[in-house]
Amino acid sequence: MAKKAINPTKSLKIPQIIIISAKIFSYISSKLVTKFAARIFTTPIKHKIPKREFEMDRKSVQKKIYVPAIKKSIVTYKYGSSERKILLVHGWSGRGTQLFKIADELLQNGYSTISFDAPAHGKSEGKTTIMSEFIDSILEIEKQFGPFEIAIGHSLGGMSVLNATKDGLNVKKAVIIGSGDIVQDILDEFIFKLGLKKEISNLLKNFFEEKYQVKMDDFTAYKAAQKIEIPVLVIHDHDDPEVLVKAGIHIHQNLKNGTLFLTEGLGHRKILGNQNVIKKTLEFIKIS
């Protein structure tokens, strides 16, 4: 069972009403603003499925499964019928069909994919979640749908794939795209975007560590990378405004068997549908 940890990646834009509310709470009480920030930090935005993902949504065999470790149910997507299975993991405020272009290419190359809506995402239940629930979901999906040859994760999903692999996910290779790295850095950035003083970041860190009884740094991506033996392809865009490219570079530097592929002008989400990225991913997967 994975340890508890906070979720370490947020959208680039925070609504002005939330920023104003945070500042008001900060004037009232540091304890109050810390709880408010914690709530915002763990609440993803549920987006409607865009038309481009309709085909994968329609053709997938969808199943709700229970994850005992977190006492929540999630919705899974089985796409294709091949026994050569690849696990896809979306990022914060994403959904199980978000990596549809990669999934389509994998199907054409003889694979099938299993993906899922993480807790509080897509069609899955709940309003708040944390990274450990992504990890626990991955490990439960492996029990019910595995084994998997490859795991591919985007953003928070990349961090989750690394941590799940560290915790026992048995795959031959992994691909992480636009993955976050150091949890504390992301927490500091989140507090900065809320317009709050840096000391609130420390209070928030203490709040999460007391609540979940862990050290947040235990879920930092580069530390997980240090314990992974399998080949890992790290893909990141130089112009990613949400997760800076230094995160991908640093993770790669700490892998024992890593490959780094950097792109330009694709940002944080457009990268998922880029043909060069998909080609590189397929080449990496097929190398024996």
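Above this text is the structure in question.
Fair warning: this is a prediction, and the values are worked out from it, not measured in the lab.

Comments concerning helix α4 (residues 100-108)
Because an α-helix packs 3.6 residues into every turn, residues spaced three or four apart end up facing the same way.
Here's step 1: Those residues of α4 that sit buried are Phe100, Ile102, Ala103 and Leu106. Seen from one end, α4 has its buried residues packed into an arc of 155°, which puts them on one side.
Here's step 2: With its phi angle positive at about 90°, Gly110 sits one or two positions after the end of α4.

Let's talk about unusual backbone geometry
Here's step 1: The step from Gly146 to Pro147 runs through a cis peptide bond, and the omega angle for that step is 5°.
Here's step 2: Tracing the backbone through its elements, the reader meets Pro147 in the loop between α5 (131-145) and β5 (150-154).
Here's step 3: Although it is not a glycine, Ser93 sits at a positive phi angle of roughly 65°.
Here's step 4: For Ser93, a relative accessible area of 10% translates into the label buried.
Here's step 5: A positive phi angle is found at Ser155, which is not glycine, with a value near 60°.

Topic: the packing of α4 against helix α11 (residues 275-286)
Here's step 1: Put simply, α4 and α11 touch, their axes get as near as 10 Å, and they point 45° apart. Viewed along their axes, α4 and α11 adopt a mutual orientation that is oblique. In this structure, α4 crosses over α11, and the sense of that crossing is right-handed. Counted together, Lys101, Ile102, Glu105 and Leu106 of α4 and Gln275, Ile278, Leu282 and Ile285 of α11 form the full contact between these two elements.
Here's step 2: In terms of residue class, the contact of α4 with α11 is made up of 5 nonpolar, 1 polar and 2 charged.

Remarks on the nonpolar core
Here's step 1: Counting 61 residues, the largest nonpolar core has Ile141, Phe190, Leu194 and Val232 as its most contacted members.
Here's step 2: Ranked by the residues each element gives to this core, the list is headed by α5, at 7 residues.
Here's step 3: Apart from the residues lying within four places of it in its own chain, the contact partners of Val232 are Leu162, Ala174, Ile176, Leu255, Asn257, Gly258, Thr259 and Phe284.
Here's step 4: Phe100, Val175, Ile271 and Ile285 belong to the second largest nonpolar core, which has 24 residues in total.

Examining the side chain of Asp240
Here's step 1: You can see Asp240 is positioned in the loop between β7 (232-237) and α10 (245-253).
Here's step 2: Within the buried set, Asp240 has no salt-bridge partner at all; the shortest N-O distance to an opposite charge, 7.2 Å, is to Arg269.
Here's step 3: A polar contact of 3.0 Å, which involves the side chain of Asp240, links it to the backbone nitrogen of Val243.
Here's step 4: Discounting residues that sit within four places of it in the chain, Asp240 has contacts with Gly178, Gly267 and His268.

Some words on the packing of aromatic side chains
Here's step 1: For the structure on display, the rule yields 4 aromatic pairs.
Here's step 2: Here the aromatic rings of Phe25 and Phe36 are separated by 4.8 Å at their centres, their planes lie at 55°, and the arrangement is tilted. Of the two residues, Phe25 is situated in helix α1 (residues 16-28) and Phe36 in helix α2 (residues 30-41); the sequence distance between them amounts to 11 residues.
Here's step 3: The exposure class of Phe36 is buried, given its relative accessible area of 18%.
Here's step 4: Taken together, the ring pairs in this structure connect Phe41, Phe190, Phe207 and Phe208 into an aromatic cluster.
Here's step 5: Looking at Lys166, its charged tip hangs above the ring of Phe219, at a distance of 5.5 Å from the centre.

Things to note about the pattern of salt bridges
Here's step 1: In the structure shown here, the tally under the stated rule is 9 salt bridges.
Here's step 2: A salt bridge links Lys72 to Glu133, with the shortest nitrogen-to-oxygen separation between them at 3.1 Å. Of this pair, Lys72 sits in strand β2 (residues 72-79) while Glu133 sits in helix α5, placing them 61 residues apart in sequence. With respect to burial, Lys72 and Glu133 carry one shared label: buried.
Here's step 3: Notably, a salt bridge pairs Glu149 with Arg84, separated by 2.9 Å at the nearest N-O pair. Of this pair, Glu149 sits in the loop between α5 and β5 while Arg84 is found in the loop between β2 and β3 (85-89), placing the two residues 65 residues apart along the sequence.
Here's step 4: Of the residues examined, Arg84 reaches a relative accessible area of 39% and is grouped as partly exposed.

Each value, and the rule that gives it
- Residues numbered from 1 in each chain as written.
- Predicted model: local features only at pLDDT ≥ 70, side-chain atom pairs only at ≥ 80, totals over all residues.
- Heavy atoms only, no water.
- Buried < 20%, exposed > 50% of the residue type's maximum accessible area, 1.4 Å probe, protein only.
- Helix = DSSP H or I, 4+ residues; strand = E, 2+ residues; numbered from the N terminus.
- Arc of directions from axis to C-beta.
- Axes fitted to C-alpha atoms, helices over the stretch in contact; angles between N-to-C directions.
- Parallel < 35°, antiparallel > 145°, perpendicular 65-115°, else oblique.
- Left-handed = near helix turned anticlockwise from the far one by under 90°.
- Contact = heavy atoms within 4.5 Å.
- Nonpolar A, V, L, I, M, F, W, Y, C, P; charged D, E, K, R; others polar.
- Core = buried A, V, L, I, M, F, W, Y, C linked by side-chain atoms within 4.5 Å.
- Lys, Arg positive; Asp, Glu negative; His and termini not counted.
- Salt bridge = Lys/Arg side-chain N within 4 Å of Asp/Glu carboxyl O.
- Polar contact = N/O pair within 3.5 Å; in protein donor to acceptor, adjacent residues only side chain to side chain.
- Phe/Tyr/Trp six-rings, centres within 6.5 Å; stacked < 30°, edge-to-face > 60°.
- Lys NZ or Arg CZ within 6 Å of the ring centre and 35° of its normal.

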